[in-house]
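Coordinate analysis (summary)
These are the residues of each chain, in order.
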Amino acid sequence: MVNPLTYVFRPKVTEKFEFSDSELESLGSKLRTKVNRVFGHSLAIRELDSGSDNSTEIEVSNLGAPHYDVERFGISFVASPRHADVLLVTGAVTLNMAEAVLKTYEAMPFPKFVVAVGDDACDGGIYKGSYAVLGGVDKILPVNIKIPGNPPSPKEILRGIFALVKNKENEN
Amino acid sequence: MSSNKDTVSSLMPAGPKLRGNYQISGNSAVLETPSVLATRHATDLMIDIAGKEPQIEKGKNNEFYIPLAEEEFLKTVPALSEKGFILTSLFCVQDLEGKPGFTLFYIFRMNSSTDVFAFMRHVRKETTSIATVFPSACWYEREIRDGFGIEFTDAFDKRRLFLHEAYPEGFHPLLKSFKNRKIQTVESPEEAYPFKQLEGDGVYQIPVGPVHAGIIEPGHFRFSVIGEPIFNLEIRLFYKHRGIEKLAEGKSPSACIPIAEAISGDETVSNAVAFCTAVEKIAGIEIPERANYLRAILLELERIYSHMGDLSGMITDIGFPRMTTPFLILRENIFRQNEFLTGSRFMRGTIDIGGVKKEISGESLSKLDLYLKIFVPQFESAITAVYTSSSLIDRFSTTGVLKKKLIAPLNLTGPIARAAGATYDVRLDHPYCIYKDMPPERAIKMAGDVLSRFEVKAAEVLNSASLIKKLIASILEGAIISETTEFSISNIPDGYALSMVEAARGQNLHWVYVRSGLIDRYKVRTASFCNWQAIEHAVLGNIVPDFPLINKSFNLSYAGTDL
C-alpha cells in the first residue's frame, strides 16, 4: 500500500521552470473553478482557421506552450469537432472555406459555442469588401464571444475564453 | 545600340564576347562581376536567337526588362532552359503603361548572378503555355487563367487554381473591369474538383483536410497509397484565398503596408520590407543607414522565432515533448523581445516606406543583446540534447528526401533547398538592406532529409543571433526615416519595380506597379508557392505516418501561398 502522503511530499518529476505571471495564474485559477462548475471539469476546444494570416493560429498554439500551458486550467485543444464544446475560429471566412466551416460546426455535438479570434474573424478586418471573403465568422455561424486583436496575445485569448465561461455560468 | 555580333567578335577575337554597355576596354582579363557576366549571357542569348541586340530596359538594382515579340519569345524559352535559367515568377498585368491588353512577365534568374531578367510578352485572350519547358510554370499559368481569364491553349493542366467551386464560371477578379465587391457564389457546385486518379492493384486514396487534426492552416492532401508507402501525393491549396492582390489595387502605397504584413503571419517583417523596398526603388528613396540596421535586426528576429517553431514542431510530430519544451520557452521569449522592441509580438506596424516607423532606443537594443547572451547557450544545449537522442535521429534521417536536381526546375529556395545542397540565399545573392556589408553565414547540408532541414534551421538560428549581435554593435545613431525633399511619400512617381527578400521560408518576390500615385498592380510570390511542389516529391516512398513530420520540416505557409 502506497502512503498517500508521498504524493504530496516527493519531488516533482517535471523540470523547474523559472517563469511566473501572477495575472495569468489568477485568471487561470478562476477559469479552472468555472470550467469545473460549468463544463464538468473540462472544456474541449476545436481550433478552425477560416482564412487567417496564420499569426492568430500561432498565438492560439502558444497557449499550449510552457509559459501559458492552459491544459492545467482544464482547457484542451482537441483534434475532432465531435469532441469539442467550443469552436474557436480565426480569420475572415473565405468563400473557399465557407463550406468546410459550416461542416465543422455541424459536426459538433450540442451544446456548442463559437469564439471568433482576431480582428478578421470578428468583422472581416482588413479583408472587408474583398470579393474573396464573406466577412466575419458571424456571417455564417452564431458567435458567442469575439476577441479582437491583430493578433490578440495568448493572454487576451484566454481572457476571452474566461468571458465565455462566465457568461454561460450567469445564464444557468 | 550600334554594335552587332560580328563587329564585337572581330574587335576582340581572343577575349570573351562583350556587348553593348558592358564593353570593357583594355585586356580581357579584367575582373567581371557576376552582374556583367549574366547580362552578357542574356544579351548573347538574344543575339543568337533573334540575330539582333535585345531592347534591354535597364531597371534599378540589376533588374532588366526585355520586351519580346511572340516569335522571339517562342525561340527564347527553350534556349533559356538550356542555359540553365531559373523561372522565378510569372504574372500578368493588364493595360501596362496605358497599352491595352495583357502583358505577361516571365521572371528569370541564373545561379551565381545578381541579375534578374523580366521577359515581357504581350498577349490577347489566348496564348501558349511554357509548362512543357518549365514545368513550374503550370501553377502560375493556372493562376493567370483564374485571375485574368487568359487561356493557355496547349496547357496540360487547365483546372482552376485559386478560384474553388464556390466561384461562378467566367469570373476573373483581377480584370480591371471588375471592381472589388461581394459576388454571387455557386450554392451547390455540380462537379467536384478532379483529382488525379491513380489506379492499380492495391492502390487506394486517403483524403486529408482542408480541416486538419491540429492547430494548423487549411489545405487538402490527396494521398494515393499502396500498403503504407505513399505512391503519389496531390496537394490542393488556396482555401485561404483572401484576394490580397485585388485588395491592394487602387490603394496608396502607404495604405498597402498592412496588406503586405498580412500575407503570412510569421513573415510580417519580410513582406513589409519587400513591399517597401519595391516602392522605394520606384521612387528612388535611399533609406537612412540606421533604418537599414533596424530592419535587418527585425528580419533576423523573425527568422529566429519562425525557425524555432519548426524545430519544436518537428520534435512534437514524432511525439517527444520533453525535447520540444526548451524551444517553445525560448521562442516565447523571442516573442516578448519583439513586443518589447516594437510593441507587437509579430513586429507589425514597424516597417514604413523610407525606413522604419518606430525608433528603437540604444537601451532597448542593448537589452536584446543581453538576452541573446542567455539565449545562445540555452539554445545550444537544447540542440545538443536533440542530437544525442538516437531514436529521434532514426526518425529524422533519410526521411522525406528532397533531391537536389529538383531545386532549379522548381525554383526551390530557403532552408529546404540549402538542406539539399543549394547555396542560394537572397541575402547574399541579391543583397538588400544591410546584407551587402554584413553578410550572414551560409548554412548548407547535403542530404536533403528531415535531419538536414533540422540542422540547417538550427544553424540559421545561431547565425541570425550572431548577426543581430554584430548589427547591434555597429549600429549608428541617426534618422530612421528618409526625409525626401523632391516628393512626399504620398506622391510616388509612376513606375514599376521588383524586390526580393529572404524570408524564413526562402525567396519572396514582390512586384509593384504604381500609377498616378496608387497601386495599379501588386504581385506577390512567396517562397511557399514554389516550395509546396517539393513536398509532392519529397514524400514519395515514405510511409503515411511520416507525412506530418515531413510537412513540418518544410513548414510552408498556406496563407502566403493562397493570398
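Source: prediction; values computed, not measured. (Residues numbered from 1 in each chain as written. Chains lettered and ligands numbered in written order. Predicted model: local features only at pLDDT ≥ 70, side-chain atom pairs only at ≥ 80, totals over all residues. Heavy atoms only, no water.)

1. Some thoughts on the interface of chain A and chain B
Contacts between the two partners involve 44 residues from chain A, matched on the other side by 49 residues from chain B. For B:Lys240, the salt bridge goes to A:Glu57, with nearest N and O atoms at 3.9 Å. There are 22 residue pairs in polar contact (both at pLDDT 80 or more) connecting chain A and chain B. Among the elements of the structure, β1 (43-49), α3 (55-62), α4 (98-106) and β6 (133-135) of chain A are those that each provide at least two residues to the side of chain A that touches chain B. Here the side of chain A that touches chain B is composed, by residue class, of 22 nonpolar, 14 polar and eight charged. (Contact = heavy atoms within 4.5 Å. Salt bridge = Lys/Arg side-chain N within 4 Å of Asp/Glu carboxyl O. Polar contact = N/O pair within 3.5 Å; in protein donor to acceptor, adjacent residues only side chain to side chain. Helix = DSSP H or I, 4+ residues; strand = E, 2+ residues; numbered from the N terminus. Nonpolar A, V, L, I, M, F, W, Y, C, P; charged D, E, K, R; others polar.)

2. Quick word on the pattern of salt bridges
All names here are of chain A. Taken as a whole, this structure holds 51 salt bridges over all chains when the rule is applied. The residue Glu 169 makes a salt bridge to Lys 34 at a minimum N-O spacing of 3.2 Å. With a gap of 135 residues between them, Glu 169 in helix α6 (residues 154-171) and Lys 34 in helix α2 (residues 22-38) connect regions that are remote in the sequence. Glu 169 sits in the buried class, given a relative accessible area of 19%. Taking the relative accessible area as the measure of exposure, Lys 34 reaches 16% and is therefore buried. (Buried < 20%, exposed > 50% of the residue type's maximum accessible area, 1.4 Å probe, protein only.)

3. A word on the environment of A:Leu31
Residue and element names in this part refer to chain A. Take Leu 31: it is sitting in helix α2. In this structure, the C-alpha to C-alpha distance between Leu 31 and Ala 163, residues 132 residues apart in sequence, is 9.2 Å. If sequence neighbours within four positions are ignored, Leu 31 has contacts with Phe 73, Ile 75, Leu 158, Ile 161, Phe 162 and Val 165.

4. Brief notes about the UniProt feature "domain: NADH-quinone oxidoreductase subunit D" (unreviewed entry) in chain B
As recorded in UniProt, the feature "domain: NADH-quinone oxidoreductase subunit D" (unreviewed entry) lies at residues 322-488 and 491-562 of chain B. Along residues 491-562 of chain B one finds 35% helix and 38% strand; the C-alpha atoms at either end are 31 Å apart. (UniProt positions renumbered as here; feature names shortened; annotations may be inferred.)

5. Section: the UniProt feature "domain: NADH:ubiquinone oxidoreductase 30kDa subunit" (unreviewed entry) in chain B
As annotated by UniProt and renumbered to match this structure, "domain: NADH:ubiquinone oxidoreductase 30kDa subunit" (unreviewed entry) occupies residues 70-181 of chain B. Structurally, residues 70-181 of chain B comprises 22% helix and 26% strand, and the distance from its first C-alpha atom to its last is 35 Å.

6. What to know about the state of the cysteines
Put plainly, two cysteines are in a disulfide when a covalent bond ties their sulfur atoms together. Residues and elements named next belong to chain B. With the rule as written, the count across this model stands at zero disulfides over all chains. As a non-bridged cysteine, Cys 256 has Cys 276 as the owner of its nearest cysteine sulfur, 9.7 Å distant. Exposure remark for Cys 256: the relative accessible area of 0% places this residue in the buried category. Free of any disulfide, Cys 530 has its nearest cysteine sulfur in Cys 138, 13 Å distant. (Disulfide = S-S within 2.5 Å.)

7. What to know about the sheet that holds β1(A)
Sheet strands pair via backbone hydrogen bonds, and the direction of the pair is either parallel or antiparallel. Residue and element names in this part refer to chain A. Spatially, five strands are ordered β2-β1-β3-β5-β7 in an open sheet, and the strand pairing comes out parallel. Lying at the two open borders of the sheet, with one neighbouring strand each, are β2 (75-77) and β7 (145-147). Strand-to-strand twist in this sheet, taken as the mean axis angle between neighbours without regard to direction, amounts to 25°. On top of the sheet, α6 reaches β1, β2, β3 (86-90), β5 (113-117) and β7; it is set at about 165° to β7, its chief contact. (Pairing = 2+ DSSP bridges. Axes fitted to C-alpha atoms, helices over the stretch in contact; angles between N-to-C directions.)

8. A look at α2(A)
Residues and elements named next belong to chain A. The end-to-end C-alpha distance of α2 is 24 Å, a good match for the 24 Å that 17 residues give at a rise of 1.5 Å each. Regarding α2, the residues found buried are Leu 24, Leu 27, Gly 28, Leu 31, Lys 34 and Val 35. In an axial view of α2, the angular spread of the buried residues amounts to 135°, which keeps them on one side of the axis. Every exposed residue of α2 that faces more than 90 degrees away from the buried side is listed here: Ser 22 and Arg 37. Two or three places before Glu 23, at the start of α2, stands the capping residue Asp 21, its side-chain oxygen 3.1 Å from that residue's backbone nitrogen. Positive phi appears at Gly 40, one or two residues downstream of α2, with a value of about 60°. (Expected span 1.5 Å × (residues − 1). Arc of directions from axis to C-beta.)

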